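If you want the building blocks of each chain, they are given just below.
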Amino acid sequence: MRQSNKGPISLLKEDNSYLHIYFLSSYKYFFMEANNSRRNFISKAAVIAGGQVLLAKPLLSMTPFVSGFNESFTVGQVMDKFISEVPSGILKETVDTLKSGHKEMEVKGIVTSAFATVEVIKKTIEIGANFIIAHEPTFYNHLDDTAWLKNDSVFEYKNDLLQKNNIAVWRNHDYIHRLSPDPVTSSFLEKLNWKQYTTKAIPSLATLPSMHLEQVIAYLKEKIGIQQVRYIGDLQQDCSKLLFMLGAVGSKAHFTGLRQIKPDVLICGEISEWETAEYIRDARSKGDKVSLIVLGHIASEETGSEFMATWLKSKFPSINTTFISSGPSLSFL
Ligand SMILES: [Zn+2]
């Protein structure tokens, strides 16, 4: 038997499997049977109160246990739990505020998405959820300032939809990017199977066996599932050092990355055409062998919202959590 302060009491059974018992309160407990493999496959789980089984279900894989299956949580508790895991702690100045709803609302289900678009809000209502965790603004500017949108019909339509259906929206942008490593970038690189080419020191730089720029583009399109990218460069150029600056980090950050790391390719979510694109063009005219690939903002950061859904499922197994892709906003002809 072993017991840690926070963890379960674990009994090693005769057949070499474990019985983990988690106490929810003095009379209510939760048990899981798990075999002795490294993956700790769970064969049975149940919540028991006063000797009665409240909920029992077989699980397919290990769910790190934080909350009970029958517990309910408020919007504020979910937000606080995430923030408690961020090394910087609570930020005094942040865009990560509630754009709709309030912290005391009981969570009926969570949707994670890059953007809380009107379509995402409608799907949230459809599946009976009431809390959207979005990575980006709801009302078309970084601070979600709505003063300038007064009497705007698009703003009013979206805001009414949220208010009438009691939907809370929290932007999780500054906090998620402050986890180390940043899960938005690391989940993207995992999707590419390129995390092995990064280092702890610069997790956004992948140093690969040399590929032509054309091959890099084809690989990205296939792995991320996008139709087109925009690029500057020679398609036959050999590329090895790939610097990923996903989302819209801004031109100054792009230039700093280019100066310090001197990548063969800068891979961005979104750029200002009149700044970063012109800089790359002039750098190439000067003789630098540097290329640019622009993926699109959502395509470059959406894996962060998938990470968020996985995180919520592991910490709050009693809450129904769904990742909904907000899809690209722009089409190409
Ligand atoms: Zn971001």
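Structure's up top.
Procedures and definitions
Residues numbered from 1 in each chain as written. Predicted model: local features only at pLDDT ≥ 70, side-chain atom pairs only at ≥ 80, totals over all residues. Heavy atoms only, no water. Salt bridge = Lys/Arg side-chain N within 4 Å of Asp/Glu carboxyl O. Phe/Tyr/Trp six-rings, centres within 6.5 Å; stacked < 30°, edge-to-face > 60°. Helix = DSSP H or I, 4+ residues; strand = E, 2+ residues; numbered from the N terminus. Buried < 20%, exposed > 50% of the residue type's maximum accessible area, 1.4 Å probe, protein only. Expected span 1.5 Å × (residues − 1). Contact = heavy atoms within 4.5 Å. Axes fitted to C-alpha atoms, helices over the stretch in contact; angles between N-to-C directions. Parallel < 35°, antiparallel > 145°, perpendicular 65-115°, else oblique. Nonpolar A, V, L, I, M, F, W, Y, C, P; charged D, E, K, R; others polar. Core = buried A, V, L, I, M, F, W, Y, C linked by side-chain atoms within 4.5 Å. Pairing = 2+ DSSP bridges.

Another point: the pattern of salt bridges. Summed over all chains, the structure comprises ten salt bridges. Taking the shortest distance from any N to any O, the salt bridge between Glu 85 and Lys 81 comes out at 3.5 Å. Sharing partners across several salt bridges, the network here consists of Lys 81, Glu 85 and Lys 315.

On to the packing of aromatic side chains, then. Inspection of every chain in the model, using the stated rule, returns ten aromatic pairs. Relative to Phe 155, the ring of Phe 139 has its centre 5.0 Å away and its plane inclined at 75°; by these criteria the two rings are edge-to-face. In this pair, Phe 139 is assigned in the loop between β9 (131-134) and α3 (153-164) and Phe 155 in helix α3, connecting sequence segments 16 residues apart. Phe 155 carries the same exposure label as Phe 139, and that label is buried.

A rise of 1.5 Å per residue sets the reference length of helix α8 (residues 273-286), with its 14 residues, at 20 Å; its end C-alpha atoms lie 19 Å apart and thus fit the reference within 8%. In the core, the buried residues of α8 are packed alongside β12 (230-232), α7 (251-261), β14 (265-268) and β15 (291-294). Phi for Gly 287, located one or two positions after α8, is positive at around 120°.

Interhelical geometry of helix α5 (residues 183-191) versus helix α9 (residues 297-315) gives an angle of 105° and a closest axis separation of 8 Å. As summarised for this structure, α5 and α9 are arranged roughly perpendicular, according to the angle between their axes. On α9, the residues that touch Pro 183, Val 184, Ser 187, Phe 188 and Lys 191 of α5 are Ala 299, Ser 300, Glu 301, Thr 303, Gly 304, Glu 306 and Phe 307. For the contact of α5 with α9, the residue count by class is five nonpolar, four polar and three charged.

With that settled, consider the environment of Cys 268. Mapped onto the fold, Cys 268 is located in strand β14. Remark: the alpha-carbon pair of Cys 268 and Ala 248, spanning 20 residues in sequence, is separated by 7.4 Å.

Quick look at the nonpolar core now. If you look at soluble globular proteins, the nonpolar side chains tend to sit buried side by side. Core analysis: the biggest nonpolar cluster contains 24 residues, and Val 78, Phe 82, Ile 110, Phe 131, Ile 133, Trp 170 and Leu 312 have the highest contact counts within it. Not counting the four nearest positions on each side in its chain, Leu 312 is found in contact with Val 78, Ile 110, Thr 112, Ile 133, Pro 317 and Thr 321.

Before going further, it helps to examine the sheet that holds strand β11 (residues 205-212). Strand pairing in a sheet takes place through backbone hydrogen bonds and is either antiparallel or parallel in direction. Read across the open sheet, the five strands follow the order β11-β13-β14-β15-β12; overall the sheet is mixed. Edge strands, defined here as strands with exactly one partner in the open sheet, are β11 and β12. With strand direction ignored, the average angle separating the axes of adjacent strands in the sheet is 25°. Summarising the sheet, β14 and β15 pair through four bridges and their orientation is parallel. Opposite Cys 268, over in β15, you have Val 294 as the bridge partner.

Geometry only, nothing functional implied.
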